[in-house]
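Single-letter residue listing:
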Amino acid sequence: MNDSTDDRIELLRSRITTVADFPEPGIQFKDITPLLECPKAFPISIELLEEKVKDLGVEIIAAPESRGFLFGVPLALRMNVGFLPIRKPGKLPRKVHKVEYALEYGTDSVEIHADAVQPGQKVLLVDDVLATGGTMAACCQLVEKMGGVVIGCAFLMELTFLGGREKIPDSRVIHLLEETD
């Protein structure tokens, strides 16, 4: 990495705050709000994501709500490709495909319009943080269920100590920042 990239990464890192015991005791929540508020850091995060994925042949970007939208939409605009929202149940008005996934206690699900991904289409999935991987694994399943090809899963930050990468073993994982503990 060159010095310019190192400086940009350090700016991003400096704009993420750790909040202890949120949303419950023992959790060290990574708050990206200060990064989003910074008119220099947020555009740099999108620029760096584009640099990491520009050679993948991205045809369309998809992201889960809501924080994935924050990075997926500007990245799609910057790369001149479309954007597909992956939503929580009941938010999309037309026929959908749905994938349910396990949470620590119970289940959740994500949906996408049934005609959103074309067979063989190269899809880049984008989210803010890769933590335990359940949501991104479900997003990968949705895209593949529709015949799309997941060419990568890109994140602002990966919390490697939570093992989320293990839930998406067939996907190329791309991140700008990494937390190991």
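Here's a quick rundown of the structure. From a predicted model like this one, the values you see are computed outputs, not experimental measurements. (Residues numbered from 1 in each chain as written. Predicted model: local features only at pLDDT ≥ 70, side-chain atom pairs only at ≥ 80, totals over all residues. Heavy atoms only, no water.)

Points about the sheet that holds strand E4 (residues 82–86)
The five strands lie next to each other as E4-E3-E7-E8-E9, forming an open sheet whose pairing is parallel. The open sheet has two edge strands with one neighbour each: E4 and strand E9 (173–179). For this sheet the average axis-to-axis angle between neighbouring strands, irrespective of direction, equals 20°. Pairing analysis gives three bridges linking strand E3 (residues 60–64) to strand E7 (residues 122–130), with the strands arranged parallel. (Pairing = 2+ DSSP bridges. Helix = DSSP H or I, 4+ residues; strand = E, 2+ residues; numbered from the N terminus. Axes fitted to C-alpha atoms, helices over the stretch in contact; angles between N-to-C directions.)

A closer look at the nonpolar core
Counting residues in hydrophobic clusters, the biggest one holds 32 residues, and the most contacted among them are Leu12, Ile61, Leu75, Leu124 and Leu156. Going through the elements one at a time, helix H1 (3–14), helix H3 (41–53), E3, helix H4 (67–79), E7, strand E8 (149–159) and E9 are the ones with two or more residues in this core. Examining the composition of this core, we find that six residues originate from one element, H3, more than from any other. Once residues lying within four places of it in the same chain are set aside, the contact partners of Leu156 are Leu12, Ile16, Ile32, Leu35, Ser45, Phe71, Asp127, Asp128, His175, Leu176 and Leu177. Ile60, Ile86, Leu125 and Val150 belong to the second largest nonpolar core, which has 26 residues in total. (Core = buried A, V, L, I, M, F, W, Y, C linked by side-chain atoms within 4.5 Å. Buried < 20%, exposed > 50% of the residue type's maximum accessible area, 1.4 Å probe, protein only. Contact = heavy atoms within 4.5 Å.)

Describing helix H5 (residues 134–145)
A rise of 1.5 Å per residue sets the reference length of H5, with its 12 residues, at 16 Å; its end C-alpha atoms lie 16 Å apart and thus fit the reference within 8%. Among the residues trailing H5, Gly147 stands out with phi positive, at a value near 90°. (Expected span 1.5 Å × (residues − 1).)

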